[in-house]
Amino acid sequence: MSNNSEGNDSIDERFEEFIKYLASPSPPAETIPTAPNNLDGPVPSTIEAASTSTSTTINSTGATITTTGQCPFKHGTVYAGPYPGYVHGNPERGICPRGCRPEMNDVITGKESLTETMLREAMEYLELYYHERSDEMDGKEGFLSKTERMKQVKDSIRDTGTYVHTFDELEHGARLAWRNAPKCANRKYWQQLKLLDCREVDTNRGMFDSCIEHLTKAMACGSAEPYITVFRPETPGTSDGPRIWNDQLLQYAAYNQDGHIIGDPKNVSTRAY
């Protein structure tokens, strides 16, 4: 990744601005707007004006991005493309009592560089992570203070263009993704989700074996237990990440016999390959 001084200064500046914003006092509850009931329609100007009063500028273009870092739940920027942000800001269906107002994904990221987006999302997640996990993790070997970890992640993004989650950050993030998925009927089990960390796997055979291990562990007690297997991510700006072609590990095969499909038609091409 590029490592020029101008880019490094920009990341350092954005980081300092973001840390100051997170440290600022929360606005009084009465000044935080309640989102309109119908998020499909236009946002009333009074609500828009109120919501921007709690926003912060954190990118090099000077554009103001509406964030919810002051939210008591530490929700961070609420994307709306379309879930969970769409329901997040609705006081009748949402999960935030202060009515955090979502923004469409491209409206937010269109005002930032890719590196700035990564930095913002990393800092927002760490703010949430430490809000929810500090009590349990404090005192454990290798667990850094929030300030130390945020600086460590910022330095990594500045110097390499990316950063690496700790095991607990990754597991808790996966659990949060499940908890915040409003269309999932089983998300009440989010705290039971177990991470199988396979980020070191770098071969096809290794991925296959990891998938088999996932199935074995998940069904070991006779009923399905919630597991998630995570392989390494793509290197930013490349397409070198691992791929699993089929959308489920177990599904019906499909055979083309004399022009007739036997089995699940959607799997004809996978089975033929």
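As the structure is a computational prediction, the values presented were derived from the model and not from experiment.

## Overview of the overall build of the protein chain
Part 1: Counting its secondary structure elements, the protein chain contains nine helices and six strands.
Part 2: For the protein chain, restricting intrachain contacts to residue pairs at least 6 apart in sequence, the fraction spanning at least 24 positions comes to 58%.
Part 3: Total accessible area computed for the protein chain in this model is approximately 16200 Å², and 53% of it derives from carbon and sulfur atoms.

## Quick look at helix α6 (residues 146-160)
Part 1: Along its 15 residues, α6 runs 21 Å from first to last C-alpha, staying within 8% of the 21 Å computed at 1.5 Å per residue.
Part 2: For α6, the complete set of buried residues consists of Arg149, Met150, Val153, Lys154, Asp155 and Ile157.
Part 3: Backbone geometry just downstream of α6 places Gly161 in the positive-phi region, at approximately 85°.

## Some points on the pattern of salt bridges
Part 1: Scanning the model with the defined rule gives 22 salt bridges in all.
Part 2: Between Lys154 and Asp12 there is a salt bridge, with the nearest N and O atoms lying 3.0 Å from each other. Taken together, the residues Lys154 in helix α6 and Asp12 in helix α1 (residues 5-23) connect sequence positions 142 residues apart.
Part 3: Across the pair Arg14 and Glu17 runs a salt bridge whose closest N-O atoms are separated by 2.7 Å. Residue Arg14 and its partner Glu17 are located together in helix α1, separated by three residues, close to a single helical turn.
Part 4: The exposure class assigned to Glu17 is partly exposed, which follows from its relative accessible area of 29%.
Part 5: Because the salt bridges share partners, they merge into one network encompassing Asp12, Lys151, Lys154, Asp155, Arg158 and Asp159.

## A short note on the layout of surface pockets
Part 1: Its boundaries defined by the atoms lining it, the second largest pocket holds a volume of some 680 Å³.
Part 2: Taken together, 21 residues form the lining of the second largest pocket, with Phe208, Ile244, Trp245, Asn246 and Leu249 sitting closest to its centre.
Part 3: Only α8 (204-218) and α9 (268-272) provide two or more residues apiece to the lining of the second largest pocket.
Part 4: If you tally residues by element for the lining of the second largest pocket, the top one is α8, at six residues.
Part 5: Here the lining of the second largest pocket is composed, by residue class, of 13 nonpolar, six polar and two charged.

## Re the environment of Glu132
Part 1: Here Glu132 lies in helix α5 (residues 114-137).
Part 2: Once residues within four sequence positions are removed from consideration, Glu132 is found in contact with His172, Leu176 and Arg179.
Part 3: Within the structure, the side chain of Glu132 is placed 2.9 Å from the side chain of His172, a separation counted as a polar contact.

## A look at unusual backbone geometry
Part 1: Of note, Asp258 is a non-glycine position whose phi angle comes to about 55°, a positive value.
Part 2: Residue placement: Asp258 occurs in the loop between β5 (254-257) and β6 (260-263).
Part 3: On the basis of relative accessibility, which here comes to 79%, the residue Asp258 falls in the exposed class.

## Considering the confidence of the model for the protein chain
Part 1: For the protein chain, mean pLDDT is 77; residues scoring 70 or higher make up 71% of the total.
Part 2: Ranking the elements of the protein chain by mean pLDDT puts helix α2 (residues 45-52) last, at 28, and strand β3 (residues 194-198) first, at 97.
Part 3: Every residue in residues 27-69 scores below 50 in pLDDT, and together they form 88 contacts with partners more than four places removed in sequence or on other chains.

## With respect to the environment of Arg187
Part 1: You can see Arg187 is positioned in the loop between α7 (167-179) and β3.
Part 2: Here Arg187 falls in the partly exposed class, since its relative accessible area comes to 26%.
Part 3: Not counting chain neighbours up to four residues away, the residues in contact with Arg187 comprise Trp178, Arg179, Asn180, Ala181 and Pro182.
Part 4: A distance of 2.7 Å separates a polar atom in the side chain of Arg187 from the backbone oxygen of Arg179.

## A closer look at the packing of α5 against α7
Part 1: In the contact formed by α5 and α7, the axes pass within 11 Å of each other and the chain directions differ by 110°. Viewed along their axes, α5 and α7 adopt a mutual orientation that is roughly perpendicular. Touching Tyr125, Leu126, Leu128, Tyr129, Glu132, Arg133 and Met137 of α5 are Asp168, Glu169, His172, Gly173, Leu176 and Arg179, all from α7.
Part 2: When the residues that make up the contact of α5 with α7 are grouped by side-chain class, the tally is six nonpolar, two polar and five charged.

## Here we look at the packing of aromatic side chains
Part 1: In total, this model carries three aromatic pairs according to the counting rule given.
Part 2: Taking the centre distance of 6.0 Å and the plane angle of 40° together, the rings of Tyr125 and Tyr129 count as tilted. Placement of the pair is Tyr125 and Tyr129 together in helix α5, with a separation of four residues, close to one helical turn. Summarising the burial analysis for this pair, Tyr125 and Tyr129 share the class buried.
Part 3: Taken together, the aromatic side chains of Tyr125, Tyr129, Tyr130 and Phe143 make up a single cluster linked through ring pairs.
Part 4: Sitting over the face of the ring of Trp190, Arg179 holds its NZ or CZ atom 4.8 Å from the ring centroid.

Definitions and cut-offs
- Residues numbered from 1 in each chain as written.
- Predicted model: local features only at pLDDT ≥ 70, side-chain atom pairs only at ≥ 80, totals over all residues.
- Heavy atoms only, no water.
- Helix = DSSP H or I, 4+ residues; strand = E, 2+ residues; numbered from the N terminus.
- Contact = heavy atoms within 4.5 Å.
- Areas by Shrake-Rupley, 256 points an atom, 1.4 Å probe, with all protein chains shown as cover.
- Expected span 1.5 Å × (residues − 1).
- Buried < 20%, exposed > 50% of the residue type's maximum accessible area, 1.4 Å probe, protein only.
- Salt bridge = Lys/Arg side-chain N within 4 Å of Asp/Glu carboxyl O.
- 1 Å grid on protein atoms, 1.4 Å probe; cavity = no way out; pocket = protein on both sides within 12 Å on 5 of 7 lines; lining within 4 Å.
- Points joined across faces, edges and corners; volume = space filled by probe spheres on them.
- Nonpolar A, V, L, I, M, F, W, Y, C, P; charged D, E, K, R; others polar.
- Polar contact = N/O pair within 3.5 Å; in protein donor to acceptor, adjacent residues only side chain to side chain.
- pLDDT = per-residue confidence, 0-100.
- Axes fitted to C-alpha atoms, helices over the stretch in contact; angles between N-to-C directions.
- Parallel < 35°, antiparallel > 145°, perpendicular 65-115°, else oblique.
- Phe/Tyr/Trp six-rings, centres within 6.5 Å; stacked < 30°, edge-to-face > 60°.
- Lys NZ or Arg CZ within 6 Å of the ring centre and 35° of its normal.

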